[in-house]
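For reference, the chains in residue letters:
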Amino acid sequence: MSSPAATIAWLADPSGPGCWGPPEDLALPISDRGLLLADGVFETLLVEGGRAWLLEEHLDRWQRSAALLALPPPPGVAIVKPLITEASRRSGIGSGIRSGALRLNWSRGSGGAGGGGSRGIAIPSACTPSFWLQLSAIEPCFEPVRVIVSPTEERSATSLLSRCKSFAYGPSIQARRQAREAGADDALLRSTAGGLCCGTTANLLVRRNSTWITPPLSHGCLPGVMRQRALDRSLLVEQPIQEQDLARCEAAWLINSLGCRPISHLDATPLAGEGTGGSLGAEAETFWRQLLLPSRG
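Asker: Teacher, can you tell me more about empty space enclosed by the protein here?
Answerer: Unfilled space is identified by rolling a water-sized probe across the atoms. According to the stated counting rule, one finds 1 cavity of 30 Å³ or more in the structure shown. Roughly 40 Å³ of internal volume is contained in the largest cavity. Along its surface, the largest cavity is lined by Leu-45, Leu-46, Trp-53, Leu-54, His-58, Met-226, Ser-257 and Leu-292. Considered class by class, the residues forming the lining of the largest cavity number 6 nonpolar, 2 polar and no charged.

Asker: Help me understand the environment of Cys-260, please; the structure alone is not making it clear to me.
Answerer: Take Cys-260: it is sitting in strand 14 (residues 259-266). Separated by 21 residues in the primary sequence, Cys-260 and Gly-281 have C-alpha atoms spaced 7.8 Å apart. Each residue touching Cys-260, except ones within four places of it in the same chain, is listed here: Cys-141, Phe-142, Trp-253, Leu-254, Ile-255, Ala-284 and Trp-288.

Asker: How should the side chain of Arg-155 be read in this particular structure?
Answerer: Within the secondary structure, Arg-155 is located in strand 7 (residues 145-155). Buried charge without a partner: Arg-155 forms no salt bridge, and the closest opposite charge is Glu-153, 10 Å away. Leaving out residues up to four positions away in the same chain, Arg-155 has contacts with Ser-162, Leu-189, Arg-190, Ser-191, Thr-192, Cys-197, Cys-198, His-219, Gly-220, Cys-221 and Leu-222.

Asker: Please clarify how the packing of aromatic side chains should be interpreted in this entry.
Answerer: Geometry of an aromatic ring pair is reported as the spacing of the ring centres plus the angle between the planes. Applying the stated criterion across every chain, the model contains 12 aromatic pairs. Summarising the aromatic geometry, the rings of Trp-62 and Trp-106 are spaced 6.5 Å apart at their centres and angled 75° between planes, so their arrangement reads as edge-to-face. With a gap of 44 residues between them, Trp-62 in helix 2 (residues 55-68) and Trp-106 in strand 5 (residues 99-111) connect regions that are remote in the sequence. Given the relative accessible area of 0%, Trp-62 is considered buried. Counting every residue linked through ring pairs, the aromatic cluster contains Trp-10, Trp-20, Trp-62, Trp-106 and Phe-131. Over the aromatic face of Trp-53 sits the side chain of Arg-51, whose NZ or CZ is 4.0 Å from the ring centroid. Here Arg-103 stacks its cationic end above the ring of Phe-42, 3.7 Å away from the centre of that ring.

Analysis parameters
- Counting starts from 1 at the beginning of each chain's written sequence and moves along it residue by residue.
- Local features in this predicted model are restricted to residues whose pLDDT is 70 or higher, and side-chain atom pairs enter the listing and the counts only when it is 80 or higher, whereas totals over whole chains, interfaces and linings include all residues.
- Hydrogens and water molecules were not included; the side-chain quantities draw on all heavy atoms of the structure.
- Computed over the protein atoms alone on a 1 Å grid, cavities are sets of points where a 1.4 Å probe fits but cannot get out and pockets are open sets with protein on both sides within 12 Å along at least five of seven lines; a residue lines them when it has an atom within 4 Å of a point.
- Grid points are joined across faces, edges and corners, and a volume is the space filled by probe spheres set on the points.
- Just so you know the grouping, Ala, Val, Leu, Ile, Met, Phe, Trp, Tyr, Cys and Pro go in nonpolar, Asp, Glu, Lys and Arg go in charged, and all remaining residues, Gly too, go in polar.
- What counts as a helix is a DSSP run of H or I of at least four residues, what counts as a strand is a run of E of at least two, and both are numbered from the N terminus.
- In what follows, residue pairs with any heavy atoms lying within 4.5 Å of each other are defined as contacts.
- Burial here depends on accessible area, computed with a 1.4 Å probe over protein chains only, as a share of the maximum for the residue type. Under 20% is buried, over 50% is exposed, and the range in between is partly exposed.
- We treat Lys and Arg as the positive residues and Asp and Glu as the negative residues; His and chain ends play no part in the count.
- When a carboxyl oxygen of Asp or Glu lies within 4 Å of a side-chain nitrogen of Lys or Arg, that pair is called a salt bridge.
- Side-chain rings of Phe, Tyr and Trp (the six-membered ring for Trp) are treated as a pair once their centres are within 6.5 Å; stacked means planes under 30 degrees apart, edge-to-face means over 60, and tilted covers the remaining angles.
- Consider the ring centre and the ring normal. A charge sits over the ring if Lys NZ or Arg CZ is within 6 Å of that centre and within 35 degrees of that normal.

Have a look at this one:
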C-alpha cells in the first residue's frame, strides 16, 4: 500500500533557489500586500498521473489576470513546469497518489520606503513580488451538490476583480458559509447585472431545451478554463440565466478545473430534470474529461 501523499509547498526566495516544505512551515513577510490586502492572483489546476492538465491555458489566464490588475508578469512555463515536477516527486502525487490540486500564487509583494513596506492601499513605486505554490492530494469531484442562492453576496458585472482569480474571495467565503448554515453544500451568486452568475468556486452550466448555456462574462462570472474550452468546442453557449431557468432546467452543473458537480437541489426542491445516484455524476464526469483532451478539430 502506498503511503499518503504529503501536501508540499514552495516559496520563492529572491536571493536563492527557494524553499520547500509543508505549507505551515513557510512564511511570507507580514508586509506582503497579498496577505494584507488580497492584492494578488492565483491559478488552481489538476495534476493527474504526473501531468499538469491545461498548464498553458492556466498560465495564460494568470498572465492576463496580472496585467489586468497592473501586477508584474508572473512566472511562465519554463519556471513553473520544473517546479511542478519537483513538487510531484516530493509529495508522491502522480505516483502512489493519482491526483492533486496545484495552486500557483502571485502577490504584488512588499515595497516602499526603507524596504519595510508602505502602509495603506496606494501601490508603492517599487514592489518585490511574491511567488509560491502548493500541491495537495485531491480526487476530482463529481458528486451531486445541493445549493442555495446567496441572500447577500453578488458578483460585480463591472469590477476588474470579477475577470480574474484574485486573492479576494470574501464574498465566496460568506456565500459558502450561508449555504452550510442552510444545510446545503454550496451557494449560487447573483450578478449585479441581473440573474444568476456562478457558484462560489465554479462556473454555472444549465441545460435548457437540450442546449447547455452559461452566463456571459459581462455578468461578472470568472472566465473559467473549462468553461472556455466548452465554448470553443460549441458544447456551450452564453445566455443570461434566471432563477426560474434553474428551477425548470433539464440539468445544471458547477464546473471548474477540479471537477464537475451536478446540482441536485435548489434550496429543498429537487431540480426537475435531475435523476438520482451515480448517473448524475457519470454524465458530468464524461463531459468534464472530454474537455481535458485536445480538440479533434
